[in-house]
Amino acid sequence: MEPFLPQLVYYEPRALEYELGRTLVEKFKHMDVELRETTSHNQVRNIPGKNELQQYRNAKSTLVIGVRKTLTFDTSKPSAEYAIPLATGCMGHCHYCYLQTTLGSKPYIRTYVNLEEIFAAADQYIHEREPEITRFEAACTSDIVGIDHLTHSLKKTIEHIGQTEYGRLRFVTKYHHVNHLLDANHNGKTRFRFSVNADYVVRHFEPGTSSLSERLEAAKKVAEAGYPLGFIVAPIILHDGWQRGYQELFERLEATLPRSCRNDLTFELIQHRFTKPAKRVIMKRYPKTKLQMEEEERKYKWGRYGIGKYVYKDEEAEALKEAIEGYIHQMFPQATIEYFT
């Protein structure tokens with residue numbers, strides 16, 4: 001698939017106080033993309049569309065250039081101490097995505113240009129935890145790789161963290177546009193992760209993202225560039241022939257990945273889950289989805305923030321866990337499975 005190019009760009013006037021903001025606005029002027037001013041990246045209005053669904057789809061191709069004012073870093077991810085706020089939103093149309101409810105009425109894509117301030121805040125967090133390692137997740141609320149060919153914010157962040165002694169960076173992507181990142185001075189301190197899934201899941205529930213073949217080829221390039229590599233298999237979805245589908249996924253991974261990366265390979269495994277609010281939003285935005293979300297067929301599980309979610313019943317979840325961990329142990333015996341949830 002072609003790299004993302006926004007159809008409409010908003011920018012905060014304050015963004016022009018930063019070098020990256022000025023560079024991006026000039027870039028889009030020369031690309032003949034419509035530019036509009038907005039008072040705040042949190043208050044973008046008048047996105048075109050005759051109805052809510054059209055506005056949602058147009059928002060997914062709208063980029064907002066803003067300044068991240070609040071630099072309190074936080075993450076609920078088990079794989080990092082903090083989130084580093086480089087971007088918000090994603091151009092993909094994954095039916096199951098938790099950003100459907102997290103971003104609510106603001107599904108447009110935001111990129112933040114005050115990188116020096118973000119890096120200074122990150123450095124302070126690192127300093128406060130020394131000599132412990134501090135890990136930053138760059139993809140909690142976005143797919144940062146999907147826009148980085150335009151901004152190079154991620155590349156700058158990789159190189160900044162690469163210069164620290166105790167900092168580490170992590171992110172995950174469904175996009176294959178990685179060529180500009182291959183020569184970054186990462187110094188082995190950034191773990192580059194790809195979201196992968198059975199072919200059935202990619203084809204039916206991940207429109208607007210790179211194909212599985214493109215992702216695997218990009219993973220090979222990333223491994224050859226010396227990055228520590230990881231994969232998130234998520235969401236793991238029960239479907240007809242799911243055992244064979246996931247086995248084929250790992251067979252393709254095994255056939256693609258160079259031997260050099262296999263001693264330091266990580267896997268994160270996440271079963272499909274949904275909340276009632278997410279289900280309502282998904283059915284409105286993707287009314288023809290084949291995503292199975294029948295509450296009576298699931299187990300209700302309380303979340304850490306008091307919001308319940310529906311996961312697979314224990315015996316189904318155990319079957320998924322046993323099968324997929326078995327494929328990993330068989331084909332990547334030296335890999336680390338960080339968690340199954």
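Scoring rules and cut-offs
Residues numbered from 1 in each chain as written. Predicted model: local features only at pLDDT ≥ 70, side-chain atom pairs only at ≥ 80, totals over all residues. Heavy atoms only, no water. Disulfide = S-S within 2.5 Å. Pairing = 2+ DSSP bridges. Helix = DSSP H or I, 4+ residues; strand = E, 2+ residues; numbered from the N terminus. Expected span 1.5 Å × (residues − 1). Buried < 20%, exposed > 50% of the residue type's maximum accessible area, 1.4 Å probe, protein only. Arc of directions from axis to C-beta. Contact = heavy atoms within 4.5 Å. Phe/Tyr/Trp six-rings, centres within 6.5 Å; stacked < 30°, edge-to-face > 60°. Salt bridge = Lys/Arg side-chain N within 4 Å of Asp/Glu carboxyl O. Right-handed = clockwise from strand over helix to strand, strands pointing away. Polar contact = N/O pair within 3.5 Å; in protein donor to acceptor, adjacent residues only side chain to side chain.

(A) How the structure looks around the state of the cysteines. One pass over the structure, following the stated rule, counts zero disulfides. The thiol sulfur of C90 is not disulfide-bonded, and the nearest other cysteine sulfur, from C94, lies at 6.4 Å. Left without a disulfide partner, C140 is nearest to the cysteine sulfur of C97, which lies 12 Å away.

(B) Summary view of the sheet that holds strand β11 (residues 265-271). Spatially, the seven strands line up as an open sheet ordered β4-β7-β8-β9-β10-β11-β14, and their pairing is parallel. Edge positions in the sheet fall to β4 (82-83) and β14 (336-340), since each of these pairs with one other strand and no more. Pairing analysis gives four bridges linking β11 to β14, with the strands arranged parallel. Among the inter-strand pairings, L269 is bridged to a residue of β14, identified as F340.

(C) Structural detail: helix α4 (residues 115-129). Spanning 15 residues, α4 covers 21 Å between terminal C-alpha atoms, matching the ideal 21 Å at 1.5 Å per step. Of the positions making up α4, those classed as buried are L115, I118, F119, A121, A122, Y125 and I126. Burial along α4 is one-sided: seen end-on, the buried residues are contained in an arc of 160°. Exposed and facing more than 90 degrees away from the buried side of α4 are E116 and E128. Check the buried side of α4 and you find it contacts α1 (19-30), β4, β6 (109-112), β7 (134-137), α6 (153-162) and β8 (167-173).

(D) Region of interest: the packing of aromatic side chains. Enumeration according to the criterion identifies 15 aromatic pairs in this entry. Consider the rings of Y200 and F205, whose centres lie 5.8 Å apart with planes at 80°: the pair is edge-to-face. Exposure remark for Y200: the relative accessible area of 26% places this residue in the partly exposed category. Look at F231 and F267: their rings are 5.8 Å apart centre to centre, the planes differ by 25°, and that puts the pair in the stacked class. Residue F231 is found in strand β10 (residues 229-236), and its partner F267 is found in strand β11; the two are separated by 36 residues along the sequence. The pair formed by F231 and F267 is uniform in burial state, with each residue classed as buried. An aromatic cluster is defined as three or more aromatic residues linked by ring pairs; in this entry it consists of F171, F192, F194, Y227, F231, F250, F267, Y327 and F332.

(E) Broad picture of unusual backbone geometry. Cis geometry marks the peptide bond from E130 to P131; its omega dihedral reads 5°. Located in the positive-phi region is N46, a residue other than glycine, with phi close to 65°. Relative to the helices and strands, N46 is located in the loop between β2 (34-37) and α2 (52-59). N46 gets classed as exposed once you look at its relative accessible area, which sits at 68%. In this structure, H152 takes a positive phi of about 60° despite not being glycine.

(F) Quick look at the pattern of salt bridges. Taken as a whole and assessed by the stated rule, the structure comprises 20 salt bridges. R170 serves as the salt-bridge partner of E268, at 3.3 Å between the closest nitrogen and oxygen. With a gap of 98 residues between them, E268 in strand β11 and R170 in strand β8 connect regions that are remote in the sequence. On the basis of relative accessible area, E268 is assigned to the buried category, the value being 0%. When salt bridges with common partners are traced through the structure, they connect E137, R170, R193, E268 and E338 into a single cluster.

(G) Structural context of the pairing of β11. The buried fraction of β11 is high, at six of seven residues. As defined by bridge partners, β10 adjoins β11 across six bridges and the pair is classed as parallel. Counted as the bridge partner of F231 is F267 from β11. Handedness of the β10-helix α9 (residues 242-256)-β11 crossover: right-handed.

(H) Layout of the side chain of T134. Its place among the elements puts T134 in strand β7. Of the residues examined, T134 reaches a relative accessible area of 0% and is grouped as buried. At 2.8 Å, the side chain of T134 and the side chain of R129 are in polar contact. Excluding anything up to four places from it in sequence, T134 contacts E81, Y82, Y125, I126, R129, Y166, G167 and R168.

Fair warning: the whole summary comes from geometry, so function is off the table for now.
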